[in-house]
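These are the residues of each chain, in order.
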Amino acid sequence: MFRKIFIAAVIFFMSASVAEAGVWQPELRVGILSGVKQVTLKVSAPCIMIDASTNKTITEIPADRSFVLNFSRLKSEATEIRPEKIPIKDLQTSIDGQNYFGGVRLNKGKDFLTVINLAPLEEYLRGVLPREMSPSYPLEALKAQAVAARSFALKNRGKHEAEGFDLCTSTHCQIFIGAKVSEITDKAIDDTHGEVLVYNNKLADTNFHADSGGMTESVVNVWGKDTPYLVAVKEIIQLSEPWTVKVTTKDFSSRFGEGFGEVKEIKLSKLTVGKEEDDRTPSGRVKFAQVVSSKKTLKLAGNELRRKFSLPSTLFDMKIDGKEIIFAGYGRGHGVGMAQKGAKFYAEDGWSYEKILEHYYSGTKLKKLY
Ligand SMILES: [Zn+2]
């Protein structure tokens, strides 16, 4: 056990950015491009190009001059470009015209290059926050989002290890748009510098979503794995805007293949937020609905219905109304962990970011990691 922790600690520190007194922070490898034959780069300060496997300098790179790196010309399996004299957090690298904080790594695959941004965690967050939460939200909500995004990034580090990096730039991990300067979200990141959520002293997996619809959902009901701090919590302020999605019975039926026939009846208990039924979770989300057609009866999971008909959430009622199927519900997103809209309302009501996080991630503690 101790050996495991020790090895984990060594790996964690080895992959940190150059240790500068007082400014140490983890460094993330964010996959920017893959499957490319070449890439155009430009750095904001003098850099060195290093063979990442031997750590030997290949060449020096001057500032502010574009250059092209080509798959067939690159000799090393992995090449890194890092600043010569300044901390990596102060470097900006342009990758095919798009700016990123930090340096760059190029992995040579069989036929193509993978281009990776070497981003110090706090600088990575500057490219995440403005897209994951509206900068118009109150500062305490943005601070809660900063802690959640930081914890999520560290907890999910290495999610793309098979492709040679930590995190991608889409909602699959967290949306990342590179070097973005936004005063209010940058302040939320600085004010919570190095702070993460832990449970039993281990990093927490801090999922978040747009709007709970009145009650969040236990993770076990969404992805099947129980986590003690990702459990359903009732909102104290009722805040959700209802939504409606309509589908013609003809379109609805056609989504289940030719052998389905025509939809005749839908069996699903009525929605009350926070009320469990046989076919609903304790928050009221749809576990399953029975759809009866002229030829068969299908038992469909709430998540499946959500996917099939692009529903905002699984917190819904469903009925046949003439030639239409009407889905009417609350909330947006999977419902697990912090609801961003809820965080906004609580912050407007005077809650601190610590209190917001405590509400959504039951039993976790805030810890300053660096
Ligand atoms: Zn990803």
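Scope of this entry: the structure provided in the associated data block.

Thresholds applied
- Residues numbered from 1 in each chain as written.
- Predicted model: local features only at pLDDT ≥ 70, side-chain atom pairs only at ≥ 80, totals over all residues.
- Heavy atoms only, no water.
- Helix = DSSP H or I, 4+ residues; strand = E, 2+ residues; numbered from the N terminus.
- Buried < 20%, exposed > 50% of the residue type's maximum accessible area, 1.4 Å probe, protein only.
- Contact = heavy atoms within 4.5 Å.
- Areas by Shrake-Rupley, 256 points an atom, 1.4 Å probe, with all protein chains shown as cover.
- Donors = N, O, S within 2.8 Å, 3.2 Å for Na, K, Ca; no water.
- Tetrahedral: all angles 85-135°; square planar, octahedral: opposite > 155°, others 65-115°.
- Pairing = 2+ DSSP bridges.
- Axes fitted to C-alpha atoms, helices over the stretch in contact; angles between N-to-C directions.
- Salt bridge = Lys/Arg side-chain N within 4 Å of Asp/Glu carboxyl O.
- Phe/Tyr/Trp six-rings, centres within 6.5 Å; stacked < 30°, edge-to-face > 60°.
- Parallel < 35°, antiparallel > 145°, perpendicular 65-115°, else oblique.
- Left-handed = near helix turned anticlockwise from the far one by under 90°.
- Nonpolar A, V, L, I, M, F, W, Y, C, P; charged D, E, K, R; others polar.
- 1 Å grid on protein atoms, 1.4 Å probe; cavity = no way out; pocket = protein on both sides within 12 Å on 5 of 7 lines; lining within 4 Å.
- Points joined across faces, edges and corners; volume = space filled by probe spheres on them.

1. Some thoughts on the overall build of the protein
Tallying secondary structure elements over the protein gives 10 helices and 21 strands in all. With the C-alpha coordinates of the protein rotated into their principal frame, the extents come out at 70 × 50 × 45 Å. Within the protein, the fraction of its 370 residues that count as buried is 50%. Across the protein, the fraction of contacts at a sequence separation of at least 24, relative to all contacts at a separation of at least 6, is 68%. When the accessible surface of the protein is totalled, it reaches about 17900 Å², and 50% of it is carbon and sulfur.

2. So, helix α9 (residues 340–348)
Every buried residue of α9 is accounted for by Q340, K341, G342, A343, Y346 and A347. Of the surrounding secondary structure, the elements contacted by the buried residues of α9 are α3 (129–132), α4 (139–155), β13 (208–209), β20 (338–339) and α10 (353–360). In the stretch just after α9, G350 is the one whose phi turns positive, near 100 degrees.

3. Here we look at the coordination of the zinc ion
Looking at the zinc ion, one finds its protein donor set to be H160 (NE2), C168 (SG), H172 (ND1) and C173 (SG), positioned 2.0 to 2.3 Å from the metal centre. The coordination sphere of the zinc ion comprises 4 donor atoms, whose angles at the metal cover 101 to 118 degrees; the geometry is tetrahedral. With a relative accessible area of 8%, H160 lands in the buried category. Using a relative accessible area of 11% as the deciding quantity, one classes C168 as buried.

4. Structural notes on unusual backbone geometry
For N55, which is not a glycine, the phi torsion comes out positive at approximately 70 degrees. In this fold, N55 is placed in the loop between β3 (47–51) and β4 (56–61). Located in the positive-phi region is N201, a residue other than glycine, with phi close to 65 degrees. Here N201 lies in the loop between β11 (195–199) and β12 (202–203).

5. Section: the sheet that holds strand β18 (residues 316–321)
Pairing is antiparallel in the open sheet, where 3 strands are placed in the order β14-β19-β18. At either margin of the open sheet sits one strand with a lone partner, and together these are β14 (243–248) and β18. Across this sheet, the average inter-strand angle for adjacent strands is 20 degrees, counted without regard to direction.

6. A closer look at the pattern of salt bridges
For side chains of opposite charge, pairing can occur when their charged atoms come near one another. Counting across every chain of the model gives 15 salt bridges. Across the pair D166 and R29 runs a salt bridge, and its minimum N-O distance is 2.8 Å. You can see D166 sitting in the loop between α4 and α5 (183–191) and its partner R29 sitting in strand β1 (residues 27–36), a full 137 residues away along the chain. By relative accessible area, which is 4% here, D166 ends up buried.

7. Some thoughts on the packing of aromatic side chains
Taken as a whole, this structure holds 14 aromatic pairs when the rule is applied. A centroid spacing of 6.4 Å and a plane angle of 55 degrees characterise the contact between W243 and F316, whose relative ring orientation is tilted. You can see W243 sitting in strand β14 and its partner F316 sitting in strand β18, a full 73 residues away along the chain. Of the residues examined, F316 reaches a relative accessible area of 0% and is grouped as buried. One aromatic cluster is present, formed by W243, F252, F256, F260, F309, F316 and F327 through successive ring pairs.

8. Digging into the pairing of strand β10 (residues 113–120)
For β10, the buried fraction is high: 8 of the 8 residues fall into the buried class. Residues L113, V115, N117 and A119 of β10 are buried on one face, and the alternating residues T114, I116, L118 and P120, pointing to the opposite face, are buried as well. By the bridge criterion, 6 bridges tie strand β9 (residues 103–108) to β10 in an arrangement that is antiparallel. For K108, the partnering residue across the bridge sits in β10 and is L113. Hairpin remark: β9 followed by β10, antiparallel, with 4 residues in the connecting loop.

9. A look at the sheet that holds strand β6 (residues 78–83)
The 6 strands are arranged β1-β10-β9-β6-β3-β4 in an open sheet whose pairing can be described as antiparallel. Each edge of the open sheet is held by one strand with a lone partner, namely β1 and β4. Strand-to-strand, the axes of this sheet are offset by a mean angle of 20 degrees, without reference to chain direction.

10. Quick word on the packing of α4 against α10
Viewed as axis vectors pointing N to C, α4 and α10 meet at an angle of 55 degrees, and their least axial separation amounts to 8 Å. Taken together, α4 and α10 sit at an angle that is classed as oblique. The interaxial crossing formed by α4 with α10 has right-handed handedness. Each of E140, A141, K143, A144 and V147 in α4 lies in contact with α10, whose residues at this interface are Y353, I356 and L357. Per-class residue counts for the contact of α4 with α10 are 6 nonpolar, no polar and 2 charged.

11. Describing the layout of surface pockets
By volume, the second largest pocket amounts to about 350 Å³. Taken together, 16 residues make up the lining of the second largest pocket; nearest its centre are T171, C173, F208, H209 and H334. The residue inventory of the lining of the second largest pocket, partitioned by class, reads 5 nonpolar, 9 polar and 2 charged.

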